[in-house]
Amino acid sequence: MAKANVYVTLKPALLDAQGKVVQGALENLGFTNVQSVRIGKFIEIELSDEDDNLEQAVDEMCRKLLANPNTETYRFEIHRS
Amino acid sequence: MTMKFGVIQFPGSNCDQDAYFAVRDILKQPVEYIWHQSASVDGFDCIILPGGFSYGDYLRTGAIAKFSPVMSAVREFADNGGLVIGICNGFQILCEAGLLPGALIPNIGLRFICRYVSVRVENSTSNFTNLCRKGQVLRIPIAHHGGNYYCDPETLAALEDNDRVLLRYCDENGDITDEANPNGSLNNIAGILNERGNVAGMMPHPERAVESMLGSEDGLYILKSIVERLV
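1. Quick look at the sheet that holds strand S7 (residues 137-144) of chain B
Residue and element names in this part refer to chain B.
Thinking step 1. Spatially, nine strands are ordered S2-S1-S3-S4-S11-S10-S9-S6-S7 in an open sheet, and the strand pairing comes out mixed. A strand with exactly one partner marks an edge of an open sheet, and here the two such strands are strand S2 (31-35) and S7. Averaged over all pairs of adjacent strands, the angle between strand axes in this sheet comes to 25 degrees, irrespective of strand direction.
Thinking step 2. Two elements, strand S9 (residues 165-170) and strand S10 (residues 189-193), share three bridges in a ladder whose sense is antiparallel. When the sheet's bridge partners are listed, Leu167 is paired in S10 with Gly191.

2. A word on the interface of chain A and chain B
Thinking step 1. Contact with chain A, which involves nine residues of that partner, is made by ten residues of chain B.
Thinking step 2. It is helix H1 (residues 17-28) of chain A that contributes the most residues to the side of chain A that touches chain B, three residues altogether.
Thinking step 3. Residues that form the side of chain A that touches chain B fall into these classes: five nonpolar, four polar and no charged.

3. Describing the nonpolar core
Within soluble globular proteins, side chains that are nonpolar tend to cluster in buried spots.
Thinking step 1. Counting 75 residues, the largest nonpolar core has Ile47(B), Ile48(B), Val74(B), Val84(B), Ile85(B) and Leu94(B) as its most contacted members.
Thinking step 2. The residues touching Val74(B), leaving out its near neighbours within four places in the chain, are Val41(B), Ile47(B) and Val84(B).
Thinking step 3. Listed in part, the eight residues of the second largest apolar core include Ala4(A), Val6(A), Val8(A) and Tyr74(A).

4. Topic: the confidence of the model for chain A
Thinking step 1. The predicted model of chain A averages 94 in pLDDT, with 100% of residues at 70 or higher.
Thinking step 2. Within chain A, strand S2 (residues 41-47) of chain A carries the highest mean pLDDT (97), whereas H1(A) carries the lowest (95).

5. Some details on the pairing of strand S4 (residues 83-87) of chain B
All names here are of chain B.
Thinking step 1. With five of five residues buried, S4 lies mostly within the body of the structure.
Thinking step 2. In S4, alternate side chains face the same way, and those of Leu83, Ile85 and Ile87 on one face and Val84 and Gly86 on the other are all buried.
Thinking step 3. Note that strand S3 (residues 46-49) and S4 share four bridges and pair parallel. Residue pairing for S4: Ile47 is matched across the bridge by Val84.
Thinking step 4. Crossover handedness for the path S3 to helix H2 (residues 69-79) to S4: right-handed.
Thinking step 5. In this sheet, strand S11 (residues 199-202) lies alongside S4 in parallel orientation, the contact comprising four bridges. From the neighbouring strand, Gly86 faces S11, where its bridge partner is Gly201.

What counts as what
- Residues numbered from 1 in each chain as written.
- Chains lettered and ligands numbered in written order.
- Predicted model: local features only at pLDDT ≥ 70, side-chain atom pairs only at ≥ 80, totals over all residues.
- Pairing = 2+ DSSP bridges.
- Helix = DSSP H or I, 4+ residues; strand = E, 2+ residues; numbered from the N terminus.
- Axes fitted to C-alpha atoms, helices over the stretch in contact; angles between N-to-C directions.
- Contact = placed C-beta atoms within 7 Å.
- Nonpolar A, V, L, I, M, F, W, Y, C, P; charged D, E, K, R; others polar.
- Core = buried A, V, L, I, M, F, W, Y, C linked by C-beta atoms within 7 Å.
- Buried ≥ 20, exposed ≤ 12 C-beta atoms within 10 Å, placed from the backbone.
- pLDDT = per-residue confidence, 0-100.
- Right-handed = clockwise from strand over helix to strand, strands pointing away.

Shown next as structure tokens:
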């Protein structure tokens, strides 16, 4: 078994309205040192590890579906057990 | 002469019947539903991708619907010059599918907004707006959570420089203001065209403004423009 952890985040150029609201809430809670909050997506994918080119496959998943290249960037790590 | 419309039904489409009604009962044109599993859109003159929440908006709006079998047929239809209009969720799907540039992200206020808005016609010669005057203000309702149009600066310049912005959110006098922008869209964009001019996307719902008893008939300017171009 292998597991891919995929992180999808909004490009820096986009205003993250959710992040702004959460930042305000954290500040209201007294966390005065909060500089910025950006909210993204975390996707866990379990894979059979027969394919030794998992990196390429997961990258293709990100490009085709998991992230929108217009608005998002992605990164991932693969853990083989 | 008539033109045949097709209204695509994705799982979660919910404005398909409104679009069907507007074409059949108001435009008096032949219309058929097209199931999303269909591999062909042959025989149609214009394809409507209606509003709704295809696939529950899972992952991103339109992200799953773009892989429906019918979308390959829609792409081929558009490549051959066929007219395609995506309304609300249909606009989101066309962007995800790459038939229109950019993306629609959650409204800046993070709220679902359902109300009439004013939009100004920026291009009055397109397949979708040829019965409008340039600068004409239309009252058409919006109903969306993710209508905030975004694209990179190069794409925005290409849209603006080539008359590919069809509609912009405006106030009742036709002025383009921040206050009149309901969702944070770049340059108040409410609707755009592809490069060739045969694919359009718009967040407002013209099919919901086709009879005075609905509050406005301004949606007919859009829908009748399509018929005008093809018949």
